[in-house]
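Each chain, letter by letter, is given below.
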Amino acid sequence: MASGDAEVLEGSSGFSSDSESEGESSLLDEDEPEELFSDLSDEELPDDAEGAELLESESGPGEEARLPPDLQKHLSFLKGTSNILLSKLSKAECTSLLHDSVESEFFLIDGDSLMIQHALNNTFCEGQNLHFFYLVERFLFDITQKGAKYVIVFFKDAESMWLGNSYLLSLRSALILHLKSNTEVPVYTEFSNCFSLEWQAFVQENYPYFILISDEAFKLAGNKGMPSYLLKIFIFHTLGNKINVAMTSGMHSDIRRLYGYNINSKMVFTRCKKIHKSMESAYQAIVSYLSRSHTSGLFPGDDQNGMSVSKEVQQEIAHLQSLWPERLDIRSSVCVVSCSVALKCYMHMLKHRENHKGDEIASIKTVDEILTFQEAADLCRMYCVHVALLIHLPLTKRAQKKSNCKWVKPASDFLQLQYLSQHFILKALDVTQNKRGDMVYLCDLNDTLLLARVALCSRKTDNTESDFQMGEIVEEEYRKLWKILSSLTSEYDVGKAFPLQTASRMMVQENENPVAEGPLEVIPEVGLIPVNIALVEEYTGSILKNFPTLSSDSPVVTALSESKEFDNLVDWYPDKPLSDDYERTRSSAFGEKTNDPWVRKRMLRNYQKLVRFHRFYGSTLEGNITKNIITNVQGATTVAPKPANIISGKGKKLPPKKKADLIAEENIRKKKEKEDQKQREQWTLISKSIMKMIQENFDQGIKKLEEFLKKCSGDSVKLIAEMDVLENCFKIWVEHCQITESTKKNNIIAGRVMKRIHNILDKYEKQMDKSQMKLISTYLKELGFNKLAQTLPDVEQKPARSKSSKREDRFVVGVDPVRFQLKFMGPYLLRDERNDPDPRVAHFIPDTWQRALLDAVDSNESAVIVAPTSSGKTYASYYCMEKVLRDSDDGVLVYVAPTKALVNQVVATVYNRFSKTLPDGMVVCGVLTRDYRQDALNCQILITVPQCLEMLMLTPQRQAWVKKLKYVIFDEVHCIGQEIGAEVWEHLLVMIQCPFLALSATISKPEDLAHWLQTVKNYWQQVDKTAENPVKVSSGKKKQQMKMPRDQKSFRVRLVMYGERYNDLEKYMCCSDGSDIEFVSYHPCAALTASHIEKYGFPSDLSLSPPESLRLYDTMAETWTSWPRAQELNPEEYKHFKDKIVIKKNDVRKYEAELKEELVNWLTSGHRDQVTEVLDKLRPRNVVNSTATMVKQFPMLVEALQKENQLPALFFSFSVSLVERLAKETFLHVTNKEQIKRGSDDAKKRIEVENKLRKLSKRAGKKQPSDPKESHVSDNMVMKETEQEMLHQKLQELRKIPPDCTYAVESAADRKILDTIFQRLQQAKTANQLRFYLERGIGFHHPSLNSKGRQAVEMLFRLGFARVVTATGTLALGINMPCKTVVFLDDSVSLDALQYRQMSGRAGRRGFDVIGNVIFYCVPLPKVQRLLKASVPLLRGQFPLSMSLVLRLMVLAAKSDDKADAEAKALSLLQHSMLCYDKQKKQLTLKLYFLFCLQFLLKEGFLDLNGMPQGFAGLVTHLHQHEPANFIFVSFLVKGLFHKICSQSDTSARKAGSVRFSEEVMESLLLILANIFGRKYLPSCSTEKGWATFHQSKVFLEDLPEEFAEAVDEYNRSIQEIFGCFFVSASNQADMVAECQLPLSGTSFGGVQSPQGSDSKFIDQLTTPGNHPTTAVSPFACLSGITNLDLFKMNNVDSISLRTVEVNSSNIPVLSLRKYDEHGRRMPLNAYALDFYRHGSLRALLNDNMLHLGDAYNALNDFQLTLSSISTSFKEICDNKDDVVVLAFEQLRDTFYQKFEKIKS
C-alpha cells in the first residue's frame, strides 16, 4: 500500500460509520479529565455563591453563614470536582469483584464504608451491637469463602464523620478492636488519611486490585453533608493513584461471586495531581470543622470535654485494675468503667450548672430536660442488669419484637454520654491490650432493645427486692458489677443494687401505635399439593413424608382442576406444541428444499464455496491434511497397539529363517543402500545452499536442514548431513572469534555448535565412527570443554594443551560447560521423548500421556485431560472424531466450544481433516449456535456451544437424535466455573450417557472434577444395568428370553494430567522513560514472598527456564555464603549434570525442583531472612512506566520488539476502543515514516504513472481491429501494451513499501492465498480500515468485529504475514494464534490469573518457537507478582436449579417417547450437582427447592397433577434464560394487558387490511419488554442532577404502566409466599450450633437452653418475642425484631436467613420493580433498548447510556433474539392471523431487527 493510503482512512472505522465514532468517543472519554480539570486549579475555583447554594440545599437556609469563609471556598471547589467524579461514578461497570484464584486479586476495604454499608441495613435496629457485628462478619465471611484476599483500613481522620453520634462512634471503635483481636483479617489503623506519605507508600507497594468505598456517608444531624465529601475525596485520590474503586452502593452476590460497580482509574488519574493540594486542603478543613463542631458543647462550660472524658477513662481503667485484679469479661469492664465515667462527668455537668444558675448556659435546658444524679444512677443500674443478661442469656433467648418504645430525651442524652465513654475506653484498650482472650465479646457491649425492656419492666414491678428476682446467676453477676461500680464512684452515693429504679421518672415511653408487621400478617402453613408424578416420587420421596399435603377438597387443589379460560385469548391455543429453538435458529440456505433447478444449482454452488473456504481456513491452521474416511466393516473394531515386547514375542525362541526370507532381506538391504546413495547425492547438491543460508540466517537454514532430514529414510545420510552442518557452524564460530574481542564474544553462536553436537550424540551415537567422534572431541576441546571431550568413547585422549598460547584459547567460550549449557542453550536442550512410533498417529510420535488418551478413546472411556496450552491435548479430539466416523455412518460426536470464534475454528479444522462418502442427506460436519445452524442434525460431527446442546438434550422431540451420540468433547471445560452459563456446562456433563473428553489447560485440583464425574458415570452404569434386564418374548406356548443388543460401553473416567510446557516462557517488564524502550527480565521467583511459600508452597505451574534456575542458584549462593549445600548444588558438581555432554530438559527440571525444595528448607530451618533477601535480589529494579503516554509510545514498543526479533506478537487489552486505537497508531506511524522516507517526489511520480495507466486503459478498451489492412494499428496496440506493462512494473516499484515501514512478511504466503483473504475481507463492512492495516502486517481482534474480519486477522497471523495484532480476550479461549511474544498492555478488572494463563499460553507454542516471551507493559509490578503466583481456579459448583429448569425437566419427562430414559436424565441432573457432591445436607435443600418450584408451577397452571405441561408452559420454557421475566410476561398475556395496548391501533388501517401500529404503541410495548427482559441497573448516584446532559438517549427507563406493575406485584406475592414457606421448611437443615456463632470470628453465644439459675419471671418478661416465630431466621437478626414473617418479604433474605441453609436471594425468582441501595437511593434501569429503538445509534448508547461497545452490541443482540422468539411463538399458538398482539409483536420484531442490522459490523 502506498504512503498516501493513510489519507483514505480519515473517518473510516472498524465497524461502520456509526460504530466508528463509538470507539473514538470511548477513547476521548478516557482523556476527558485532562480538559475538565484544567479549570480546577487553585486560582480558578467556582464562584462562592455556587457553594453557598449547595450548602443551602443541604443544610437549610442561614446555616451556611455560620461556616468559616475558607471552608465555604473549599466546599465550592469540591462541588466542581464532585460533578466530575459523579460523571465517572455513573459510568461505573457492574462486574464480578471476586475471582477464583488464590491470592490473585488483593483488594482493600475502607472500614468506614464497611460500617456505613451495614449500619444502614434496614433489618438492623440501632443499638443492637451483636446484630451489627453479625452483618459485618457475615459479609466478610461470605467474601472470604468466595476466595477474597483483602485488608481493612480505618483512617484516623475518618473518625470525624461519626462525631455527631456517640453510639455509632463507639460502635466504630468496637468494630476496629474486634476485627483486630478476634479475626484473622488484617486491619490497618495507623494511617491519618489518604494523603499521608505512609499511605502512599503502602498502596504503591501493595497495589490493590481495587478499594471498596462508599460514595455517600452516614447522614447525621448537623454535619451538613460534609462527611460525604471526605469519601468523594478519597475516591478521587484513589483513582488518581491509578487504583480502581468499587462502590459499596449496589453490591449484590450469588452463591459464587460478589458483584459491584467498578470505576477504572484510567478514566480519572491523568490530571489528578494538578488539584492534589486543593483537595488535601479541603479534606483537612472539613475534618477540622467536624472535629470542632462536635467536640464542643457536649457539656456546657467545658471546651475540652473530649479530652476530659479521655483522661477520666484512663484514670478509671487504672482504678479498676487496682480494685479488681482478676480478669473481667470485656463486657463487664466496659460496663463499669463507662458507667463510672458517665456518672462522674454527669455530676461535673450538674455542679457546673448549679454554679451558673441564671446564666445563659444554665438556661439551655430546663429541669425536666435533665436527669438528676439518682436518675442517672438508676439508668446505670438498668445498664448493669442488661449487661449481666448479655453475659448469661443464650442468643436464642434474646429475640426481641420490633421496638415500639422510645427513650426520653434526658435518658437518651445520658446514654450518648455513656457511649462516648465507651469510645474512649475502647481506644485506650486498643493501645494497651496485650492478651487476645480479653476481647472475645467486644461485639456484644450493647443491646438497646433489651435495655429498654429492662427499663420498662423495672417500672412495672414493685420497689421491693423480692420483685426483681432475675435468677441466681444473673443476679450474682449484676451485684458484682454494681459493687465494682460503687467502688469506682465511692465519692458519690450511687445507692444499693436494688431497687433498680429509685426515682419516678419514666425512662422509656411506649408508643401507643405498635409497629406494623407488614401486609402479610399471617404466615401461610406449609402444605403441598398432592401429585401423581413418578419423577417427583423418585427424587423427593425420602422427604415428602415429612410434609403435610393438602386434601383433595382444599380450595387450592379444586382450583387446579378447573380449566382456565382466557377471555382475551379466544383464538389462542397455549397447549399447541411450539417449534423448538433448533427449528427457530436461522438455517443456511443449503438445507432448504426447492424444486427450482436454478435455485438448487445456486444453493449447491454456495455450499461448495463455503466448504472450500472452511478447508482453506483449516489449511492455515494445520496445512492440507485431508483424510478420506471409510466406515469399518460391520463388527470390526479398532484395537490399540500392543506393547513392543508382546508384539515381538519377547522371551520366545524364534524359528530359523527360510531361504526365501533371507533373499527378501538381502533385496531390501540393497534397495536401502541404493536409496541411501541417492539421498547422499541429493545432499551433495543442496548442502552448499543450506550452508550459505545458515551463515546468512541461521534459523531459516536449520529449518531447511530439518525438512531434508524428514525426507531421509536412513540414519547414515542424516549423520553425514548433521556432521557437515556441525563443521559449518564451528567455522562460523571461528570466524566470529577472529573478528571479535574475547570479552565481546556472542556465546549464542557457540551454543549453536553445542546444539548440533547434542543432536548428533543423542540420535546417531551408535552409527558414528572414530573419526567423527574424534572431530566432535576436537570441537569440544576448542570450546574449552576438555572434561566433556574426555567422556567420549573410543577416542584417544591426549593431555590438555597448554594455555600459554593466546591463539589456542581464542575459540574458548570462557564458561564452564554446565553453566554454558544452562545459560546459552536453555531453549535448545533436548527432551526425553519417545522414539517408538504409534500406528494410530501418522504425523508425529505421541508422548506417553497422549497415548493414554488414545487408549481411552479406543476403549470408549471418558477422560478429563489437563495439560498446558500447546502441549498437544487437542489431537485426542480429532482422533476421537475419526473413530466415530470410521465406526458407523449414523453415530454422532458433539464438540462443545465456549465461543462462536472457537466453533468456527473447529469447523474449519474438521473440514480440512476429514472427508467421507455418506448416504444421501448426511454430511460430515454441522454447526449449531444461537443465531445460526447448518446441517446440525444430519451430520456426524456437530460443533456447537453449550446452550444449544442443552436445548437439544432437554427437548423431547430430539431424544432420538440424542441417542445417536457416541462421544461428546468439552473444550475449555474450566468454563464450568465462569460467571455466565456455568450451570449449562454442569447440566451437560451430568446428562450425557455416552463417553466424553473434557479438555482444559487451567484447572486446579482436577482430581475433584474427575471424582465427581466418575460418580455421575457410576449412576449411568446403574441405569444401564437396569435397562439391560431380559425382555420376554412370547412364541406360542413357549416363552423365550432374548437380550437386547448393546454397544460396547465403558463407564470409567480417566484423569490424564501433564504439567510440562513444551517451551519455556520468559517474562519481562517493559520499561519506558518516554524516549526509549527497555525489556527487563523478570524472574518468576521474584513474584513470591517468604510468607506465600510458607503458606502455599511454590505454585504448581511456576516453572523456571534453565537460565532462571542458574540465576536462582547464584543468588542463593551469593546471599548465604556459608550455605552447606552450595557445593552439592553447584551446577558443575550437581549429580545429574556432572560430566554430561548432553544435558536434557528433564535434568534441569530435577535441578529446579531441588533448588525450590532447598529454598523451602531454608524457611523451615529458620533462615527466613535469607529467603527474603534472595527473593528481593531477584526482583527487577527501577521499572518505570507511564500509562499516560502508553498510546503514543506503543509504536516504539512494536519497533523495539522487531529489533529484538520478537515478532510475531499479540498485544492484549480489555478495551475494544484501545485495541483499535493502538492498531491505528501503529499504522499511522509506519505510513508517516514511509512518507518521510519517500519525500514528495515519489508521490508525484506515482500520480503521473497512475494517470498514464488510466489513459492507456481507456484506449485499450476500444474495439480491436478486424481488418488485416489495419495491421499497423495492431502493431501500435502491441507497443502500447508493452508500455502499459512497463508502467505497471514502475508503479509496483513506486508502491513497494520499504521493509522498515511495514510488519508484513510478503514471503510468508503465496500471493494467491493472500489475495483470496483480502478479497473476502472486502465483502465486509469493515474492509477499509482493517484491510489497510493488514496490508502492513497490523491487525486488531475483538468480539465486536465481524466474523470475516476476525478470520482474516487469524489466517494472516497464522500464515506469518501479519505480525502485530492487538486483541481483547477473544483470543484467550483456544483460538490457534501461535506467536513468539505476548504483551499485556495494561491492567484491568478482567485480567486475573486465569486470563493471564490463557493469554500467555499463546506464546512459544510447540513447533513454532523454541521459547516464548511474556511482556508486561503498563501493568503495575504488584499486579504482575499476583498474576504469576496465583493458582489456577478451583472449580466450584453452581446452584443448579431454577424454576424454569424444573419446568423443562417435567416437560422432558412427560413428552418423551422413552419415559425411562427421560426420567433418568432428569434424575441425573437433579441428584448429581457439583455443589452437592459429598454434601448430603445441600442435597436435601435442593430437594426442598425443587418441591416448592413445583408448587408454583402447579398453582399457576403450567403443570397438571400428573406432571403434564399445560397452559403457556411452552412459551415459558422458550424464554427460560430470562427467568423470572418469562413467567411475568405470560401473566401479562393471560390478563389481556397486551391486547389493551395493541387495540389502540388505527381502526381504519385495520379495515384496510394492512395494520400498521403507531410509534406510541410500539414504544409502549418496548417499554414493557425493556422493564422485564432488558434490565441493566445503573449506579444510584447516576440520578443526581447536574453531572451530565444527555443528547440523544433518555437513559433512565420509565416505570411500568400501572396495570402491568400490579401484575408484577401479584406475581411477586405468589413467589414470596411459596419461597417463604421454602425457607421455613429448609430451616430444619440448618446447623443451629453454627447459627449461634459469629461467622468469621467463630465467637459462640450459647446453645438453645438457658444456663441453670437464669430462669425467672422477670427475665421472661424481658425476652418475650413478637407474635411470629423466629425458627427460620438468624438468631442474630432476631435481636432487631426479625421474625419468620420477614422471610416472606424477600427484600433482605440474605441478611436474615439461616446462613447454613446456603440459599441466596438470587435463586428466588422475584422481580423487584424498584431497587434501592443502602442509602435509600433508587437504582434506575438503563433504557438502552428503548433508546436504541428511538434513535438507532450505537454511538448514543456509548455516550449517553454509559455502555461499553461490546456490552451494548451483545445486549441489543440478546434483546432482538428475545423479540424474535416471542413473535414466532405468538404466531404458532394463535390461529387468528389478524390478532393485534401477534401483528404488533411482528412489527416490533421487524423494526428492531432492521435497526440492529444497520449497526451490525
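## Thoughts on the overall build of the protein
When helices and strands are counted, the protein shows 63 helices and 28 strands. By residue count, 57% of the 1801 residues in the protein fall in the buried class. Counting only contacts in the protein whose residues sit at least 6 apart along the sequence, the fraction spanning at least 24 positions is 79%. When the accessible surface of the protein is split by element, carbon and sulfur atoms take 49% of a total near 78300 Å².

## Examining the side chain of Asn728
Of note, Asn728 is situated in helix H23 (residues 715-739). A distance of 3.4 Å separates the side chain of Asn728 from the backbone oxygen of Met691, its partner in a polar contact. Leaving out residues up to four positions away in the same chain, Asn728 has contacts with Met691, Ile694 and Gln695.

## Remarks on the sheet that holds strand E11 (residues 862-866)
Taking strand neighbours across the sheet as the criterion, the eight strands line up as E15-E14-E16-E12-E17-E18-E11-E21 in an open arrangement whose pairing is mixed. The open sheet has two free edges, formed respectively by strand E15 (932-934) and strand E21 (1053-1057), since each of these has just one partner strand. Between one strand axis and the next, the sheet turns through 15° on average, direction left out of account. Examined bridge by bridge, strand E17 (residues 965-970) and strand E18 (residues 996-1000) share three bridges and lie parallel to one another. Its bridge partner lying in E18, Ile969 is registered against Leu997.

## Focus on the nonpolar core
Ranked by size, the top nonpolar core spans 382 residues in total, and within it Phe1529 and Phe1532 carry the most contacts. Every residue in contact with Phe1532, bar those within four places of it in the chain, is listed here: Leu1537, Phe1538, Ile1568, Ile1572, Leu1600, Phe1604, Ala1607 and Val1608. Counting 179 residues, the second largest nonpolar core, distinct from the first, contains Val136, Ile275, Val334 and Val408.

## Quick word on the pattern of salt bridges
Applying the stated criterion across every chain yields a total of 63 salt bridges. Glu1335 is the salt-bridge partner of Arg1331, the closest N and O atoms lying 3.7 Å from each other. With a gap of four residues between them, Arg1331 and Glu1335 both fall in helix H44 (residues 1327-1335), about one helical turn apart. Taking the relative accessible area as the measure of exposure, Arg1331 reaches 16% and is therefore buried. Residue classification places Glu1335 among the partly exposed residues on the basis of a relative accessible area of 21%. Ionic contacts of the salt-bridge type, sharing partners, join the residues Asp215, Glu216, Lys232, Glu1584, Asp1717 and Arg1721 into one network.

## Brief notes about the packing of aromatic side chains
If you walk through the whole model with that rule in mind, you get 69 aromatic pairs. Note on Phe1384 and Phe1416: the rings are 5.5 Å apart at their centroids and 15° apart in plane angle, and the pair reads as stacked. In this pair, Phe1384 is assigned in strand E27 (residues 1381-1384) and Phe1416 in strand E28 (residues 1411-1416), connecting sequence segments 32 residues apart. The class for Phe1384 is buried, based on a relative accessible area of 1%. Judged by relative accessible area, which is 0%, Phe1416 ranks as buried.

## What to know about the sheet that holds strand E6 (residues 244-253)
With mixed pairing, seven strands are arranged side by side in an open sheet as E1-E7-E6-E5-E2-E3-E4. If you trace the sheet from one side to the other, it starts and ends with strand E1 (93-96) and strand E4 (187-188), each paired once. Note that strand E2 (residues 106-110) and strand E3 (residues 149-153) share five bridges and pair parallel. For Phe107, the partnering residue across the bridge sits in E3 and is Tyr150.

## Description of the environment of Val1056
Within the secondary structure layout, Val1056 lies in strand E21. Taking the relative accessible area as the measure of exposure, Val1056 reaches 6% and is therefore buried. Residue contacts for Val1056: discarding those within four places in its chain leaves Trp849, Leu853, Val864, Ile865 and Val866.

## Here we look at the state of the cysteines
One way to say it: the disulfide is the covalent bond shared by the sulfur atoms of two cysteines. Under the definition given, this model contains zero disulfides. No disulfide involves Cys939; its sulfur sits 6.5 Å from the nearest other cysteine sulfur, which is in Cys925.

## Some thoughts on the pairing of strand E24 (residues 1209-1212)
Residues Ala1209 and Phe1211 line one face of E24 and the alternating positions Leu1210 and Phe1212 line the opposite face, and both faces are buried. Judged from the four bridges that link them, E24 and strand E26 (residues 1364-1367) form a sheet pairing that is parallel. Along E26, the bridge assignment pairs Phe1212 with Ala1367.

## Observations regarding the packing of helix H52 (residues 1525-1534) against helix H55 (residues 1559-1573)
Axis separation between H52 and H55 bottoms out at 9 Å; the angle between their running directions is 150°. It follows that H52 is roughly antiparallel to H55 by the angle criterion. Contacts between H52 and H55 involve Ala1525, Asn1526, Ile1528, Phe1529 and Phe1532 on the former and, on the latter, Ile1568, Leu1569, Ile1572 and Phe1573. For the contact of H52 with H55, the class distribution of residues is eight nonpolar, one polar and no charged.

## Section: the packing of helix H36 (residues 1106-1119) against helix H38 (residues 1168-1178)
Contact geometry for H36 and H38: axes closest at 9 Å, N-to-C directions at 130°. The angle between the axes of H36 and H38 places the two elements in the oblique class. For the crossing formed where H36 meets H38, the hand is right-handed. In this structure, H36 contributes Arg1111, Leu1112, Thr1115, Met1116, Glu1118 and Thr1119 to the contact, and H38 contributes Gln1170, Glu1173, Val1174, Lys1177 and Leu1178. Taken together, the residues that form the contact of H36 with H38 break down as four nonpolar, three polar and four charged.

## Digging into the pairing of strand E12 (residues 892-896)
In terms of burial, E12 is a largely internal element, five of the five residues being buried. In this sheet, strand E16 (residues 939-944) lies alongside E12 in parallel orientation, the contact comprising four bridges. The partner of Val894 across the bridge, within E16, is Leu942.

## Brief notes about unusual backbone geometry
A cis geometry characterises the amide bond from Leu1207 onward to Pro1208, with omega recorded as 10°. Turning to its location among the elements, Pro1208 is positioned in the loop between helix H39 (1190-1203) and E24. Here the amide bond leading from Glu1523 into Pro1524 is cis, since omega sits at 5°, within 30 degrees of zero. Looking at the element boundaries, Pro1524 is found in the loop between helix H51 (1513-1518) and H52.

## Observations regarding the side chain of Thr1517
Topologically, Thr1517 is positioned in helix H51. Overall, Thr1517 belongs to the buried group, its relative accessible area being 17%.

## What to know about helix H25 (residues 770-782)
Look at H25: 18 Å from first C-alpha to last across 13 residues, which is about the 18 Å you get at 1.5 Å a residue. Turning to H25, its buried residues are Gln772, Met773, Ile776, Ser777, Tyr779, Leu780 and Glu782. Taken together, the buried residues of H25 touch H23, helix H24 (747-764) and helix H26 (786-790). Within two residues after H25, Gly784 carries a phi angle of roughly 95°, on the positive side.

## What to know about the environment of Lys745
With respect to the helices and strands, Lys745 occurs in the loop between H23 and H24. In the structure, Lys745 is positioned 68 residues away from Val813 in sequence and 7.9 Å away in space, judged by C-alpha atoms.

## Overview of the confidence of the model for the protein
Per-residue pLDDT for the protein has a mean of 80; in total, 82% of the residues score no lower than 70. Contacts of residues 635-651 to residues separated by more than four positions or lying in other chains number twelve contacts, the stretch itself having pLDDT below 50.

## A look at the environment of Gln1351
Along the polypeptide, Gln1351 turns up in helix H45 (residues 1347-1359). Look at Gln1351 and you get buried, because its relative accessible area is 8%. Here the alpha-carbon distance between Gln1351 and Leu1321, two residues 30 residues apart in the chain, equals 9.0 Å. In contact with Gln1351, not counting residues within four places along its chain, are Phe613, Tyr617, Asn904 and Arg1320.

What counts, and where the lines are drawn
- Residues numbered from 1 in each chain as written.
- Predicted model: local features only at pLDDT ≥ 70, side-chain atom pairs only at ≥ 80, totals over all residues.
- Heavy atoms only, no water.
- Helix = DSSP H or I, 4+ residues; strand = E, 2+ residues; numbered from the N terminus.
- Buried < 20%, exposed > 50% of the residue type's maximum accessible area, 1.4 Å probe, protein only.
- Contact = heavy atoms within 4.5 Å.
- Areas by Shrake-Rupley, 256 points an atom, 1.4 Å probe, with all protein chains shown as cover.
- Polar contact = N/O pair within 3.5 Å; in protein donor to acceptor, adjacent residues only side chain to side chain.
- Pairing = 2+ DSSP bridges.
- Axes fitted to C-alpha atoms, helices over the stretch in contact; angles between N-to-C directions.
- Core = buried A, V, L, I, M, F, W, Y, C linked by side-chain atoms within 4.5 Å.
- Salt bridge = Lys/Arg side-chain N within 4 Å of Asp/Glu carboxyl O.
- Phe/Tyr/Trp six-rings, centres within 6.5 Å; stacked < 30°, edge-to-face > 60°.
- Disulfide = S-S within 2.5 Å.
- Parallel < 35°, antiparallel > 145°, perpendicular 65-115°, else oblique.
- Nonpolar A, V, L, I, M, F, W, Y, C, P; charged D, E, K, R; others polar.
- Left-handed = near helix turned anticlockwise from the far one by under 90°.
- Expected span 1.5 Å × (residues − 1).
- pLDDT = per-residue confidence, 0-100.

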